[in-house]
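Now for the letters of each chain:
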Amino acid sequence: MLVSCKENSEPKQGAETTEQLPSNSIFNLTSDWQNQDGKTIKLKDLQGKTLVVVMIYTTCKTACPILVAKMKMIESKFDRKDIDKINLVLVSIDPETDTPEHLKEFSIKNEMTGPQWTFLRSAENATKEFANVLSMKYKKISPIDFSHSNIISTFKPNGILVSQEEGDINVDKVVTTVNQTVRKK
Amino acid sequence: MKHLIILLFSIVIVSCSKESEKETVYKNLEGNKTDTLQSIQSTVKMVYIPGGEYKPFFGSNTTLVSVAPFLMDERAVTNEEFLEFVIANPQWQKSNIKRLFADTNYLKTWPTDITLPENALKDAPVCNVSWFAAKAFAQSVDKRLPTLDEWEFVAMADETTANARKKPKYSDSIIDLYLQKNRQFKSVKQSPPNYWGIYNMFDLIWEWTDDFNAVLTTGDSRSGEYNDKNLFCAGGATSATDVMNYAAYMRFALRTSIKADYTIGNLGFRCAKDTTIIKQ
Amino acid sequence: MKHKHFTICATTLLITALLSCNSTNTTKPETSSAEAALAMVAEGNPEVAEVTGAPKVPAPIGARAAKKLIVNLLTTEIEGIIADSIPYTFWTFNNTVPGSFIRVREGDEVTLNLKNDGSSILPHNIDLHAVTGPGGGAAATTAPPGKEASFTFKAINKGLYVYHCAAPPVPMHIGNGMYGLILVEPAGGLKPVDREYYIMQGDFYTKASVVKQGLMEFDNDKAVAENPDYVLFNGKKGSLLGANMLEAKVGETVRLFVGNGGPNLTSSFHVIGEIFDNVYLEGGSTVSHNVQTTMIPAGGSAIVEFKCEVPGEYVLVDHSLSRAFNKGCIGKLKVTGEPNEKVFSAKTLTKE
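Residues numbered from 1 in each chain as written. Chains lettered and ligands numbered in written order. Predicted model: local features only at pLDDT ≥ 70, side-chain atom pairs only at ≥ 80, totals over all residues. Heavy atoms only, no water.

Engineer: Would you take a moment to explain the packing of helix α2 (residues 79-88) of chain B against helix α3 (residues 131-140) of chain B for this structure?
Structural biologist: A packed helix pair is summarised by two numbers, namely the angle formed by the two axes and the spacing between the axes. Residues and elements named next belong to chain B. Contact geometry for α2 and α3: axes closest at 11 Å, N-to-C directions at 80°. Considered as vectors, α2 and α3 are oriented roughly perpendicular to each other. Residue-level contacts link E81, F82 and F85 of α2 to A133, A136, F137 and S140 of α3. A breakdown of the residues in the contact of α2 with α3 according to their chemical character gives 5 nonpolar, 1 polar and 1 charged. (Axes fitted to C-alpha atoms, helices over the stretch in contact; angles between N-to-C directions. Helix = DSSP H or I, 4+ residues; strand = E, 2+ residues; numbered from the N terminus. Parallel < 35°, antiparallel > 145°, perpendicular 65-115°, else oblique. Contact = heavy atoms within 4.5 Å. Nonpolar A, V, L, I, M, F, W, Y, C, P; charged D, E, K, R; others polar.)

Laid out in structure tokens, this is it:
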């Protein structure tokens with residue numbers, strides 16, 4: 001017990017759970033997130049599946065609905081036998097409005113309720129940190145509106161970024177990238 | 001028996017927590033513990049900035065942005081302060097840092113993890129640090145990075161006025177300072193402070209802000225208005241409000257060219273802090 | 001009678017119609033040139049392209065097929081001499097003003113790697129006018145100090161194109177010398193000539209640096225007023241004079257690749273004592289002949305060709321002559337060889 005106490009009081013070298021992680025894995029972010037079921041997770045809980053990640057906010061009226069539609073299109077093009085190796089993650093840039101309940105509602109309304117869909121929100125600081133890892137720009141331009149870049153990113157099961165599609169996103173390109181990543185396993 | 005074990009276990013946990021009294025906990029969601037940093041002391045004087053309204057460089061010509069009162073470090077974080085930080089927090093040392101948080105030029109001039117370069121001044125601003133590293137430092141001294149609006153609000157001032165932007169030589173005199181080679185190697189506070197008492201806003205380094213990524217343009221801003229709805233959802237106002245302010249163009253050009261993990265030889269930072277004080 | 005008259009009219013009309021149809025055929029614009037280049041396949045592994053400093057140009061592409069090329073450019077901020085012994089802060093591609101000359105072929109696939117030197121203070125990027133795509137590559141290549149960025153483009157339009165830095169504030173980056181030329185040769189290459197040279201004109205706006213004694217730097221106000229202190233070939237007064245004169249021999253054909261980086265002024269390019277046999281107008285595909293002075297817009301170019309017939313020193317100028325004589329826009333081509341009295345004879349008549 002005393003020995004383990006001593007270990008705890010030494011400055012952290014990096015949590016032991018991240019030691020096996022590659023140095024550039026997104027799972028090195030240790031922030032807490034809530035998903036659409038109200039469960040608190042860490043990003044590394046998403047480890048083990050190829051991730052397709054986008055940042056949106058549910059009350060967005062302009063490009064986000066298109067992004068969401070593209071995510072659904074991308075999902076529909078995956079082989080059903082691959083689907084359990086893939087996680088499509090939508091991260092909110094408006095965590096105050098996008099509570100877990102709100103995210104759940106959104107997921108039901110948009111028919112994104114299978115286990116392959118994950119909706120996340122966290123506190124502002126962690127959200128900003130996450131956006132910066134994705135090189136995503138965003139700015140609150142009114143009490144209810146955000147201006148942000150449109151990027152869909154693909155990550156390997158160990159959290160390393162494979163590629164990003166920006167702007168007018170080519171759905172087929174994302175699907176190809178994800179399939180290649182899944183196969184490489 | 002089972003209860004006794006649980007009780008003993010709890011005592012251990014509690015006493016371990018007590019031992020890590022000094023740890024600053026970065027609170028995230030509803031008090032959940034996430035990243036732990038050893039806190040260090042900061043002796044930097046912080047200046048009260050009363051805030052107000054200002055016209056941002058990228059934005060609407062008619063809508064002013066409000067800046068709430070805040071505290072700002074009077075000068076940038078120095079080499080010796082950052083050294084103290086990495087000694088206390090080895091996970092932020094050069095050879096331990098995760099590649100996610102900084103590129104390969106992180107503290108590249110430092111000969112070892114915990115020594116400054118031989119000819120580096122202890123009180124010169126620290127550079128070759130990423131946004132993640134700057135943020136971690138700020139947390140360890142119980143502060144944060146200034147926001148872009150806060151930084152730009154303070155940047156409006158010259159030595160004698162709070163808003164010197166209309167002065168004919170405002171932009172030119174800043175550019176003169178920007179173009180000085182190797183300014184990043186000099187000590188802090190060697191030039192007069194501005195109206196607020198803040199030093200070296202222009203004559204040492206580029207500085208990280210918390211939301212440097214809130215400028216939604218690309219590196220090519222020749223079209224005055226940037227409105228590509230594909231690239232940026234709700235593009236918002238991205239035309240410059242003062243096209244003669246070349247100094248601001250240069251500063252924003254730097255901001256839009258960097259990513260959070262970049263470490264640049266003339267890019268450092270200073271800290272800020274919230275305040276509830278309202279001074280007249 | 002009427003019937004015959006009618007036949008003659010009708011025939012005349014018919015012939016005219018046919019002839020005009022034919023003539024429209026022969027002057028049909030080359031709209032398919034870029035499409036044809038698009039279809040060209042660039043073969044092989046990427047190789048690093050040779051780039052050169054003015055006034056030299058890389059070797060002609062000749063008859064080679066389209067290939068994959070890599071062009072490496074380094075952006076730097078350095079002190080150089082602008083005129084007499086006056087130092088100026090230049091911002092450059094590859095440490096020269098103008099930047100290196102890039103020579104490719106239509107159909108080539110070019111990967112452009114832009115590195116911003118660690119000692120730079122500011123971010124830089126590149127916009128090549130030869131590129132079809134957003135910003136000519138500017139957004140894709142913006143690099144802060146110490147960083148690199150790159151993109152790939154297919155050269156689908158032949159011609160001589162300007163490239164320049166487009167980081168904000170753009171007039172400042174160009175005013176400090178961040179421009180150069182990229183030549184996209186047609187398949188088969190340009191017709192061989194004896195001498196080829198690279199010249200680029202630019203206008204310079206200067207003021208004294210408050211920070212370093214004697215050093216000159218960009219003057220924003222003068223640039224906005226378009227009132228330069230210097231108008232120069234190849235970024236330095238005298239860059240094509242004295243020991244640096246261009247050279248050719250009598251009987252040789254000379255081709256000049258002339259660019260104008262601006263940022264503001266248009267050039268009236270003229271070689272005193274010579275007439276351009278061929279001028280590729282604005283660096284494009286239309287060739288004009290027997291031209292004395294050709295206009296080169298800011299951000300544009302021209303290719304001029306002439307044959308040297310008579311020895312002597314030929315002065316290159318911007319024929320807005322105050323720029324030549326007062327602001328430094330003057331260079332020389334020295335032609336050596338046997339006199340050619342048939343073309344030019346300067347015997348003075350002695351009075352009896």
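This is not the end of the story, as more comes after the structure.
Engineer: Explain the interface of chain B and chain C to me, please; I cannot follow it from the model alone.
Structural biologist: Buried accessible area, meaning the area lost when the parts come together, often serves as the stated size of an interface. Contacts between the two partners involve 28 residues from chain B and, on the opposite side, 32 residues from chain C. With both chains or domains summed, chain B and chain C bury close to 2600 Å², and 62% of this area falls on carbon and sulfur atoms. Viewed at the interface, chain C and chain B are joined by 3 salt bridges. Of the charged contacts, one joins C:E77 and B:K181 as a salt bridge, the two residues approaching to 3.7 Å between their closest N and O atoms. Counting the contacts that link chain B with chain C gives 5 residue pairs in polar contact (both at pLDDT 80 or more). Secondary structure elements with two or more residues in the side of chain B that touches chain C: α5 (170-178) and α6 (246-257) of chain B. With 6 residues, α6(B) is the single largest residue contributor to the side of chain B that touches chain C. Per-class residue counts for the side of chain B that touches chain C are 13 nonpolar, 7 polar and 8 charged. (Buried area = accessible area lost by both parts, 1.4 Å probe. Salt bridge = Lys/Arg side-chain N within 4 Å of Asp/Glu carboxyl O. Polar contact = N/O pair within 3.5 Å; in protein donor to acceptor, adjacent residues only side chain to side chain.)

Engineer: What is the right way to read the pairing of strand β5 (residues 101-105) of chain C from this model?
Structural biologist: Residue and element names in this part refer to chain C. Within β5, 5 of the 5 residues are buried, leaving the element largely enclosed by the surrounding structure. Here β5 shows two buried faces, one formed by F101, R103 and R105 and the other by I102 and V104. In this structure, strand β2 (residues 51-52) lies alongside β5, joined through 2 bridges in antiparallel fashion. Of the residues in β5, the one forming a bridge with V51 is I102. (Buried < 20%, exposed > 50% of the residue type's maximum accessible area, 1.4 Å probe, protein only. Pairing = 2+ DSSP bridges.)

Don't take any of this as a statement about function, it's just geometry.
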